[in-house]
Amino acid sequence: MDIPEWDVYGVSYGSDLALHYLRDYPDGIRAVVADSVVPPQMNLADTLWPNAARGFDALGSACDAHPACQAMLPDLVGTLARTVTYLDAHPQVVSVTAGDGPPVDVMVDGYKLMFLVNSASLAANGLVDMPAIIAAAARGDVTPAAQLLASVQPSPVPLVGSGPTYGVFCGEAVAHTSAEAMFGAAKKSLPQFPVAVLGMTPRLPWLVGDCAAWNVEAVPDRVAQPADSTVPVLLLSGGPAAVTGFLDDPSSSYRPQCLDIVVIPPFSTSLAGPA
């Protein structure tokens, strides 16, 4: 393309690609921005639940900082754990309406409630109402959670479809760990949550079994080597990032010689208080 210099920007798994590119093809790269960092040496399969746990903790800390939220939910993570445990043993079905459609029956169990909280960090202001949803579920009212679940419409096949998704997760992550290691990391990070829930993975609940069916070969070990370069790199990390995780020490995840780090505060807006 005859471009002598260019800047590389990657977000989430794109940050992994950006760092791979910097490591293997540095010529012409002027600078790199890695947003919601997934460093090459991070095994996503092992970190999905630990990252979710850090997101729950960030949400709990943010709730504690807002008087109305703290009064409603003084122990967000503990309440979430108890409610998830109850719903895992006693799933509830409620009828709700989604948009202009007819009423639909929605089952809310422990995994689905954790899925909602974990997934909410991906959307702008997605976590604002989550404390109120958790508090309602703890009181026995899962209707707000069911309403949100019902509003999640199936999306068309995205540009990055199942093949590339499982190619990455299975070849780069699951093939380089084990179900036992994944569960061990989950239980260490969330010891108060039920085994049945932690035996699945956030957002991709049957990841290990799916990878066995896809039968994707493991990528070479060199793919997971850290990037090391004199090219300037900017790492962006946010507090409630419950998928890629929040980097307490971002510099430990990457070994550049020129590095700037921007840590984005967990929340800049108020969380929902009592309805």
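Below you will find a few notes about this structure. (Residues numbered from 1 in each chain as written. Predicted model: local features only at pLDDT ≥ 70, side-chain atom pairs only at ≥ 80, totals over all residues. Heavy atoms only, no water.)

Once that is clear, we can look at the overall build of the protein chain. If you tally the helices and strands in the protein chain, you get 11 helices and 6 strands. Burial status across the protein chain gives 44% buried among its 275 residues. Summarising the internal contacts of the protein chain: among those between residues at least 6 apart in sequence, 74% fall at separations of at least 24. Summed over all atoms, the accessible surface of the protein chain reaches about 13900 Å², with 58% contributed by carbon and sulfur. (Helix = DSSP H or I, 4+ residues; strand = E, 2+ residues; numbered from the N terminus. Buried < 20%, exposed > 50% of the residue type's maximum accessible area, 1.4 Å probe, protein only. Contact = heavy atoms within 4.5 Å. Areas by Shrake-Rupley, 256 points an atom, 1.4 Å probe, with all protein chains shown as cover.)

What follows concerns the environment of M200. Structurally, M200 is set in the loop between helix 10 (195–198) and helix 11 (207–214). Sequence spacing of M200 and M182 is 18 residues, and the spatial spacing of their C-alpha atoms is 9.4 Å. Contact partners of M200, with chain neighbours within four places excluded, come to W49, Y111, P205 and W206.

Turning our attention to the packing of helix 2 (residues 44–64) against helix 5 (residues 110–120). Interaxial distance between helix 2 and helix 5 falls to 10 Å at its minimum, and their mutual angle equals 70°. Relative to helix 5, the element helix 2 lies roughly perpendicular. Mapping the contact onto sequence places W49, A52, F56 and L59 in helix 2 and Y111, M114, V117 and N118 in helix 5. Within the contact of helix 2 with helix 5, the residues separate by chemical class into 7 nonpolar, 1 polar and no charged. (Axes fitted to C-alpha atoms, helices over the stretch in contact; angles between N-to-C directions. Parallel < 35°, antiparallel > 145°, perpendicular 65-115°, else oblique. Nonpolar A, V, L, I, M, F, W, Y, C, P; charged D, E, K, R; others polar.)

Here we come to the pattern of salt bridges. Per the stated rule, a full pass over the model turns up 3 salt bridges. Among the ionic pairs, D7 bridges to R30, the shortest N-O distance being 2.6 Å. Here the residue D7 occupies a position in strand 1 (residues 6–11), and R30 occupies one in strand 2 (residues 29–35), the gap between them amounting to 23 residues. Residue class for D7 comes out partly exposed when judged on its relative accessible area of 42%. R82 is the salt-bridge partner of D75, the closest N and O atoms lying 3.8 Å from each other. (Salt bridge = Lys/Arg side-chain N within 4 Å of Asp/Glu carboxyl O.)

Attention shifts here to the state of the cysteines. Simply put, the disulfide is a covalent bond whose two ends are the sulfur atoms of two cysteines. By the definition in use, this model includes 2 disulfides. The side chain of C63 participates in a disulfide bridge whose partner is C69; the two sulfur atoms lie 2.0 Å from each other. Residues C63 and C69 are joined through a disulfide that is left-handed, its torsion about the S-S bond being -105°. Both residues of the pair, C63 and C69, count as buried. Bridging C170 to C211, the disulfide has an S-S length of 2.1 Å. Torsion about the S-S bond of the C170 and C211 cystine: about -85°, corresponding to left-handed handedness. You can see C170 sitting in helix 8 (residues 162–173) and its partner C211 sitting in helix 11, a full 41 residues away along the chain. Summarising the burial analysis for this pair, C170 and C211 share the class buried. Once the disulfide-bonded cysteines of the protein chain are ranked by sequence position, their pairing pattern turns out to be 1-2, 3-4. (Disulfide = S-S within 2.5 Å.)

Our next topic: a nonpolar patch on the surface. The grouping of I3, W6, Y21 and Y25 at the surface amounts to a nonpolar patch, some 430 Å² of accessible area in total. When you line up the elements, W6 lands in strand 1. Since its relative accessible area comes to 35%, W6 is described here as partly exposed. (Patch = residues over 30% accessible without salt bridge, like charges linked within 9 Å, V, L, I, M, F, W, Y side chains within 5 Å.)

Bridge analysis of strand 3 (residues 92–97) against strand 4 (residues 103–108) gives 6 bridges, and the strand direction is antiparallel. Considered in strand 4, the bridge of V93 is made with M107. Between the end of strand 3 and the start of strand 4, which pair antiparallel, lie 5 residues, with G99 showing a positive phi angle near 65°. (Pairing = 2+ DSSP bridges.)

What follows covers helix 8. Compared with an ideal rise of 1.5 Å per residue, which puts 12 residues at 16 Å, helix 8 spans 15 Å between its outermost C-alpha atoms and is within 8% of the ideal. Buried residues of helix 8: Y166, V168, F169, C170, G171 and A173, and no others. Contacts from the buried residues of helix 8 go to helix 1 (13–24), helix 2 and helix 11. (Expected span 1.5 Å × (residues − 1).)

The next thing to look at is helix 1. When the terminal C-alpha atoms of helix 1 are compared, their 17 Å separation across 12 residues agrees well with the 16 Å that a helix rising 1.5 Å per residue should span. Along helix 1, the positions that sit buried rather than exposed are S15, D16, A18, L19, H20, L22 and R23.

For S229, the location among the structural elements is in the loop between helix 11 and strand 5 (233–238). A distance of 3.0 Å separates the side chain of S229 from the backbone nitrogen of V231, its partner in a polar contact. (Polar contact = N/O pair within 3.5 Å; in protein donor to acceptor, adjacent residues only side chain to side chain.)

One non-glycine residue, S12, lies in the positive phi region at around 60°. Judged by its relative accessible area of 29%, S12 is partly exposed. Of note, the phi angle at R203 is positive, near 70°, even though the residue is not glycine. Take R203: it is sitting in the loop between helix 10 and helix 11.

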